[in-house]
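# Summary of structural features
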Amino acid sequence: LSRRCCSRAAGCCRGQTAKSAQCRWNAGSPKDVTYICPFIGPVRGSLTVTNYRLFFRCTDREPVFGLDLPLGALSRVEKIGAATSRGDVSYGLVCKDMRNLRFVHKEPEDSLKKSVFEVLIKFAFPVSNNMSLFAFEYKQVFPENGWKVYDPLAEYKRQGLPNESWRISKVNDHYELCDSYPAALFVPVTITDEELRRVFSFRAKGRIPVLSWIHPESQAAVVRASQPMVGQNGRRCKEDEKLLQAIMDANAQSHKLFIFDARPSVNAAANKMKGGGYESEDAYQNAELVFLDIHNIHVMRESLRKLKEVVYPNIEESHWLSNLESTHWLEHIKLILAGALRIADKVESGKTSVVVHCSDGWDRTPQLTSLALIMLDSHYRTIRGFQILLEKEWLSFGHRFQQRVGHGDRNHTDADRSPIFLQFIDCVWQMTRQFPAAFEFNEYFLITILDHLYSCLFGTFLCNSEQQRLKEEVPKRTVSLWSFVNSQLEEFVNPLYVHYPSHVLFPTVGIRHLQLWVTYYIRWNPRMRPQEPVHQRYKELLAKRAELQKRVEELQREAANRTASSSSERAGSPTRSITPVQTFV
Amino acid sequence: MLSLGSGGAKSTKPSFVSYVTPEEIKSEKDPPKKEKLPDLLPGEVEFCSANPILKYTQDDLSQRGVFGTLFCTNFRVTFISDETPQEKKAKTFKNKLYGENDIPLVCVDHIYGVYDEKRKLITGGLVKNKYPSKMIIHCKDLRVFQFCLRFTKEEDAKKIFQGIAHHCLEEKSLKCVFAFSYMGTPSPGTDLSFCREMQRKQETIMFDSPEDWTQEMKRTKANCRLVIENKNFELSQRLPKYFVIPLAIGDLFSYQGKGLPIWCWSHYSGCALFKASFPPVTQEDGDFQKHLETMINAVAHNYLYSVKTEDLSESLPNIQDIQQSYNKFKQFFLIENSTDFWLSDVKWFSSLESSGWLDIIRQCLQKAVEVVECLEKDNTNVLITEEEGTDLCYVISSLAQIMLDPYYRTLMGFQSLVQKEWVAGCHAFLDRCNHLHQKDKECHSPVFLLFLECVWQLVQQHSPAFQFSETYLTVLSDSVHVPIFSTFLFNSAHHRESVMKAESPLAQSGPLSCPTVWDWSVQFDSKAQNFFYNPLYSEKVKHEKAVRKPHKPKHQRQLSLPSTAFKTPLKKGFFKDETDSLKKMLRVKRLSRWMGSPDSPAATTREFYESWQHRPVDYHGLLLPCLDGPAVRVWMQRYLRWIPEMYILGGGSVAMTTKLMELLSQVQDLKRVLEQRDTSQAAKIDHHPYLQHRLLSFGSSGRLSSSFPFAYTRNRSFKPIIPTGLMQSLMVTDSLASQEDEASSVASFV
């Protein structure tokens, strides 16, 4: 799947790369490089490295073997062993997208030529080499400008905001109070900006409770924040208490407020030692605190590492299930989905407003709020709605993409890296499995997002916050992923989509219903690939429907003609020779 | 509905407290009490009944339930609620023989009694004196029923408990099976659906006449011999009435009914698949060897003198292993309450693995692929053997045929295959399914279910290649435990015939005729039967069909030897046959050992699979399953359909099917309009019947549950199922868990 997408994306940028620095390594004969494929064995061919991607091709095989990956997907490039007596160098590439590659070639005689290894190190990790990411070089023009997809005010307006209970606050307009929050914040009208300023100092990193989503009927709100800085002494902040009370009061349907702390209670308590903590029920009356037991970024990173061990390159058949269980990956998915389900249930069934936070409110919190929002609001299940959701909950509210992914950074052991966003997309995928007709997008859309999370071709996932992106002029200097996506929507549409505007989705979170996302995590294993890619079938079905609609129109036109000139006789029918419609899917 | 307080699974106090005394209930419910009786089937007789019995509602944490009467008849255990059924929703998928509160007697798997908070498995000994306060029935179709006997008068409770235990658990004779009392109306009028049914039924080839076999041999271009000498079971009572053997077999009677290679299917190249039981063991070891050699030789003669043999008793788990594994496996789905469910959810994957059930499925499919590879790639004959030759042989041969022959992937083709291999082939259904509750555990084994499981794996991996749906397979697996169909009641053709002749209920009405399971109208009306069809089935295009009708192009043998590699051995082989039989013998032996050889058949089948995978998709050609770890899955529909925690409201495959149906019906409507216009214009009637998709109507409900069409969510308020006990679930013990999120989180002190 990704191979296609990469080559397409790369095709778009070919003109650009030719102009900018492009290093080509071809060492005389094109058969000099061997790719050691874990599935089909060594393959000899030519290797090309540009400032955007790595391209390996072997033409004397049937079918032609090609490998094409953006350098952004590399997390680690290392030499394996010393040069052998025959002068072979061997090096391994560890990729962020669940595969490892290994190449062997002869050390070039010509010492003037840079080795592939050096070129790779240089261009795979531009940030470490004080160069800019490829996204800043990429100048492809798309018919649509994806940077215009998300307009915060328009999105809040869609939710009916501002209204009599919620107002927009300009207090963070220049990101002075919280540099990881967006400029536009929605807060209860009863709280003044002055009071808000005090709350900023009470919440970790200044991430105060602000509105994320409001229920169109019950006015129950989903509010996100970071942990309160309670500390060991049980510090209190009366403005914070007032803010939470105001959030509860803004919803007339309920006299209760639920605070969901995403962490396990032990960890939340441990945070008190470091100045953080959680809301005590004494200080926040009418509030009920619930811990959701989701583990931190380090546990998640380790879980994914184990998962990669289990699925790549080979799957141990006899112990597959227990190996899978030992990674805990699906258990984490279950906990996150279960947390989001509880939030959505409180909002929908309980008509109660909720506050969601973890420690800093930029990892587990966006996972939970965005999943709950997908369950609650069908708009976020459309292609554009989902883009808005990502722009809002993840990008504008400062999920630290740069840190978590480590774009262009060679420090692969960085403890700040963690597959939080991948985990969220996995949860969405689980929901699309359970509700195959409820989402406008298909699996390929989700995989495309993940591929470009790493590719650094688009500016969308660069930087850590809205403020940084503005400072770096990312929207001006780079192309948005949504420009690319929205210019070829037909690729990403789920043909089975039915738009039920008012349906709330409550997924089943039992592990019996969760599956490993084979088409993502194990997609490099050729044996796990379906004979016919799924989205190909979808496209055929869509084409079928289009054909059908065209025929309907043709018919109607003809019928109209006939009534207009009922006596006139037509010679031949254009639709006479239509072959029976087949279902291919 | 009465709430009876709460009783967690672990509470040590009485599990429920009644706020309503039985007397109160009685006085409330007295007047209409005795009116409710089950609608008895023709021939069904009531044994005993008790009232009031509380049936717990499964889909609830609290111990709530419904009061009603429990009956035991010669067909089933049935519960009739005292409550007037609230505006009975017209179920789209209603079984005519038994409803949601009916348990056919042979469908009962285990009965547990709760005595003083202790759950005990009811066996013969426990029945006598005490009766439990609560009775839990586990069914073979994985339903779980819980009845409370506390509110019933002691003698009634005792009677119903003992009655049910007796009729469900005690060993009985075949005569007691309901099929012999059932007097189903053989001709339910002449309504249209029935006529259609008859047509459908006729399409399933029963393989009970020489013509059926001749036809099948013709279809596959088999060059074998039909044996009719066993018509009256003179050769052997264990052998089918009619069967097909290689031409080279001489004297049939010397085989004593054992070790005869029996033909299953011929590949278009001419090679064929045979199955055999072990030759009779005699005193002399040499005899056995000699017999084996004649057997192999006869098969080799069929085509090109090449044969591969595979002893399935050696390479696959035996029927007891299968039984044990399934017993473990099914426990994960017999869920009695929510707490159990979430507890078992935590260790789901490792428990699955420890049951070994999926691994057995994988092994069977793997073996079938090996057989397919021999036939398709190497064009050698294959002989599979097994001690009895009627269990795993059938699993493997049927699977291989489904993979190779698209005809068996149609609904009628599949039913014919089951008839051919399993029913006519004398699979010991009666013993394997344990319909009679025999104490001898050796011979029970869910072999047929294992086969259906393997087919399900193929269906879920290549759904467009199959005309039938997973619902069909699920219903078929349930029907095994409906004691009405002759299909699953006997151990062999001889058994069937002798019993049917003897057991005629009324002497004057001739031999007893039970319906076959393929007469689906006995269980479902034609609307419900639409669920058996896969809307995604990619049917063969019309013109190809026309060609296929008289003879399938695939089976034109003359055209099918294109590769030069095979031409030389062909001549050589024949030549050698004339001159040097010893050498030929050696070659055969060498080949025969190849299949089990250590140079890893798995590796070569891997290659075989990969080369097949690279070919363009052909749903009407060879079909191979992917067998890597994640590809072999649990048959969700069958195993999760009764577990309320697993229901996805508004989701599941139903949601997709509904949408697909809509699309397809649009296509059909349009085509109809087009055709009408065509005919009206040119006054020419198009005779080809156009592609008919059986459209399902799901009623108006837009939000069906994923368990549709089996379990219905009754009055369930639209609430999510929040898991309990998540805390225990994930004990991450390493230091990572306690680490701070931010590596550089000094800032948070500020």
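Predicted model only: the values in this text are computed from it and were never measured.

As a further point, take the overall build of chain A. Summing up its helical and strand segments, chain A has 19 helices and 14 strands in all. When the accessible surface of chain A is totalled, it reaches about 21900 Å², and 51% of it is carbon and sulfur.

Right, let's talk about helix α4 (residues 193-202) of chain A for a bit. Residues and elements named next belong to chain A. Buried within α4 are the following residues: Glu-195, Leu-196, Val-199, Phe-200 and Phe-202. Down the axis of α4, the buried side of the element spans an arc of 160°, and every buried residue falls inside it. Here the buried face of α4 lies against β8 (166-169), β9 (185-188) and α5 (238-249).

A pair can form between side chains of opposite charge whenever their charged atoms are brought close. A complete count under the given rule lists 48 salt bridges over all chains for this structure. For Arg-99 of chain A, the salt bridge goes to Asp-97 of chain A, with nearest N and O atoms at 3.2 Å. Assessed through its relative accessible area of 4%, Asp-97 of chain A is described here as buried. One network of salt bridges, with partners in common, ties together Glu-216, Arg-219, Asp-405 and Lys-420 of chain B.

As a further point, take helix α14 (residues 443-455) of chain A. An α-helical turn contains 3.6 residues, so a residue and the one three or four places further along point in the same direction. All names here are of chain A. Between its first and last C-alpha, α14 extends 18 Å over 13 residues, near the 18 Å set by a 1.5 Å rise per residue. Of all 13 residues that make up α14, 13 are buried, and the element is covered over most of its length. Among the residues of α14, the N-terminal cap falls to Asn-442, whose side-chain oxygen and the backbone nitrogen of Tyr-444 are separated by 3.1 Å.

Before going further, it helps to examine the pairing of strand β13 (residues 307-311) of chain B. Residues and elements named next belong to chain B. Burial analysis of β13 places 4 of its 5 residues in the buried class, the great majority of the element. Across 5 bridges, β13 lies against strand β14 (residues 381-386) in parallel orientation. Paired with Asp-311 across the bridge in β14 is Thr-385.

The next thing to look at is the domain arrangement of chain B. Residue and element names in this part refer to chain B. On domain assignment, one finds that chain B holds domain 1 (46-170) and domain 2 (192-532). The C-alpha centroid of domain 2 is placed 34 Å from the C-alpha centroid of domain 1. If you look at the interface, domain 1 gives 29 residues, while domain 2 gives 29 residues. With both sides pooled, the region where domain 1 packs onto domain 2 buries about 2500 Å², and carbon together with sulfur makes up 59% of that total. In terms of surface lost to domain 2, no three residues of domain 1 exceed Phe-93, Val-106 and Leu-142, which account for 25% of the buried area on that side. At the boundary of domain 1 with domain 2, the tally comes to 2 salt bridges. The residue Glu-336 makes a salt bridge to Arg-119 at a minimum N-O spacing of 2.4 Å. Where domain 1 meets domain 2, there are 9 residue pairs in polar contact (both at pLDDT 80 or more). Taken together, the elements giving at least two residues each to the side of domain 1 that touches domain 2 come down to β5 (108-115), β7 (134-139), β8 (144-148) and α3 (154-169). In terms of residues, the side of domain 1 that touches domain 2 owes the most to one element, β7, which gives 3 residues. Tallied by class, the residues present in the side of domain 1 that touches domain 2 amount to 16 nonpolar, 5 polar and 8 charged.

With that settled, consider the packing of aromatic side chains. Residues and elements named next belong to chain A. All told, the structure shown has 79 aromatic pairs over all chains when counted by the stated rule. An angle of 70° between the planes, with centres 6.3 Å apart, marks the rings of Phe-56 and Phe-65 as edge-to-face. With respect to class, Phe-56 is no different from Phe-65; both count as buried. One residue, Arg-53, lies across the ring of Phe-55, its end atom 4.9 Å from the ring centre. Here the basic side chain of Arg-99 rests over the ring of Trp-524, its NZ or CZ set 3.6 Å away from the ring centre.

Residue and element names in this part refer to chain A. Structurally, Arg-404 can be placed in helix α12 (residues 401-406). Along the primary structure Arg-404 and Val-33 are separated by 371 residues, whereas in three dimensions their C-alpha atoms are 33 Å apart. Looking at Arg-404, its side chain comes within polar contact range of the main-chain oxygen of Asp-416, at 2.8 Å.

With that settled, consider the domain arrangement of chain A. Interfaces are often sized by the accessible area lost when the parts come together. Residue and element names in this part refer to chain A. Its domain assignment divides chain A into domain 1 (23-131) and domain 2 (146-535). Centre-to-centre separation of domain 1 and domain 2, based on C-alpha positions: 36 Å. Of the residues lining the interface, 21 residues belong to domain 1; the matching set on domain 2 comes to 24 residues. Summed over both partners, the interface of domain 1 with domain 2 comes to about 2100 Å²; 63% of that surface belongs to carbon and sulfur atoms. Three residues, Phe-39, Lys-96 and Met-98, lead the burial of domain 1 against domain 2; their summed loss comes to 38% of the area buried on that side. Here domain 1 is connected to domain 2 by 0 salt bridges.

Residue and element names in this part refer to chain B. As summarised here, the arrangement of the 4 strands in space is β11-β12-β14-β13, forming an open sheet in which the pairing is mixed. Each having just a single partner strand, β11 (262-266) and β13 make up the two edges of the open sheet. Direction aside, neighbouring strands of the sheet carry axes that sit 20° apart on average. Summarising the sheet, β11 and strand β12 (residues 272-277) pair through 4 bridges and their orientation is antiparallel. Each bridged residue has a counterpart across the sheet, and for Trp-263 the counterpart in β12 is Phe-274. Contacts from helix α12 (residues 392-404) reach β11, β12 and β14, with the element oriented near 150° to β14.

So, on to the side chain of Gln-430 of chain A. Residues and elements named next belong to chain A. Mapped onto the fold, Gln-430 is located in helix α13 (residues 420-434). Gln-430 sits in the buried class, given a relative accessible area of 1%. A polar contact of 2.6 Å, which involves the side chain of Gln-430, links it to the backbone oxygen of Gln-515. With residues up to four places along the chain from it excluded, the contact list for Gln-430 reads Leu-330, Ile-333, Leu-337, His-513, Leu-514 and Gln-515.

With 5 of its 5 residues buried, β11 of chain B lies for the most part within the structure. Linking β11 of chain B back to β12 of chain B in an antiparallel pair, the connection comprises 5 residues, with Gly-270 of chain B at a positive phi of about 115°.

Our next topic: the sheet that holds strand β10 (residues 210-214) of chain A. Residues and elements named next belong to chain A. The 5 strands lie next to each other as β10-β11-β14-β12-β13, forming an open sheet whose pairing is mixed. Sheet topology places β10 and β13 (287-291) at the edges, where each strand pairs with a single neighbour. With direction set aside, neighbouring strand axes in the sheet form an average angle of 25°. Pairing analysis gives 5 bridges linking strand β12 (residues 257-261) to strand β14 (residues 353-357), with the strands arranged parallel. Note on β14: the bridge partner recorded for Phe-258 is Val-354. Packing against the sheet, helix α10 (residues 364-376) makes contact with β10, β11 (221-224) and β14, and its axis sits at approximately 165° to β11.

The subject of this paragraph is the packing of helix α8 (residues 319-331) of chain B against helix α10 (residues 348-355) of chain B. All names here are of chain B. Between α8 and α10, the least distance of the axes is 8 Å, while the angle of their chain directions is 160°. As the angle between them shows, α8 and α10 are arranged roughly antiparallel. Between α8 and α10 lies a crossing of left-handed hand. Contacts from Ser-325, Lys-328 and Phe-329 in α8 reach Leu-352, Ser-354 and Ser-355 in α10. Partitioning the contact of α8 with α10 into residue classes produces 2 nonpolar, 3 polar and 1 charged.

Within this numbering scheme, the UniProt entry marks residues 146-521 of chain A as carrying the feature "domain: Myotubularin phosphatase" (unreviewed entry). A distance of 28 Å separates the end C-alpha atoms of residues 146-521 of chain A, which is 43% helix and 9% strand.

A few words now on the packing of helix α8 (residues 320-327) of chain A against α10 of chain B. Where α8 of chain A meets α10 of chain B, the closest approach of the two axes is 8 Å, and the angle between their N-to-C directions is 165°. Between α8 of chain A and α10 of chain B, the crossing angle belongs to the class labelled roughly antiparallel. When the axes of α8 of chain A and α10 of chain B are compared, the crossing they make is left-handed. Residues Trp-320, Leu-321, Ser-322, Leu-324 and Glu-325 of chain A of α8 of chain A touch α10 of chain B, and the partners they reach there are Trp-348, Phe-349, Ser-350, Leu-352 and Glu-353 of chain B.

All names here are of chain A. Tracing the chain through its elements places Ser-218 in the loop between β10 and β11. The buried category is assigned to Ser-218, whose relative accessible area is 4%. Once you skip the residues sitting within four places of it in the chain, Ser-218 turns out to touch Asn-251, Gln-253, Val-347 and Lys-351.

Scoring rules and cut-offs
- Residues numbered from 1 in each chain as written.
- Chains lettered and ligands numbered in written order.
- Predicted model: local features only at pLDDT ≥ 70, side-chain atom pairs only at ≥ 80, totals over all residues.
- Heavy atoms only, no water.
- Helix = DSSP H or I, 4+ residues; strand = E, 2+ residues; numbered from the N terminus.
- Areas by Shrake-Rupley, 256 points an atom, 1.4 Å probe, with all protein chains shown as cover.
- Buried < 20%, exposed > 50% of the residue type's maximum accessible area, 1.4 Å probe, protein only.
- Arc of directions from axis to C-beta.
- Contact = heavy atoms within 4.5 Å.
- Salt bridge = Lys/Arg side-chain N within 4 Å of Asp/Glu carboxyl O.
- Expected span 1.5 Å × (residues − 1).
- Polar contact = N/O pair within 3.5 Å; in protein donor to acceptor, adjacent residues only side chain to side chain.
- Pairing = 2+ DSSP bridges.
- Domains from an automatic or database assignment.
- Buried area = accessible area lost by both parts, 1.4 Å probe.
- Nonpolar A, V, L, I, M, F, W, Y, C, P; charged D, E, K, R; others polar.
- Phe/Tyr/Trp six-rings, centres within 6.5 Å; stacked < 30°, edge-to-face > 60°.
- Lys NZ or Arg CZ within 6 Å of the ring centre and 35° of its normal.
- Axes fitted to C-alpha atoms, helices over the stretch in contact; angles between N-to-C directions.
- Parallel < 35°, antiparallel > 145°, perpendicular 65-115°, else oblique.
- Left-handed = near helix turned anticlockwise from the far one by under 90°.
- UniProt positions renumbered as here; feature names shortened; annotations may be inferred.

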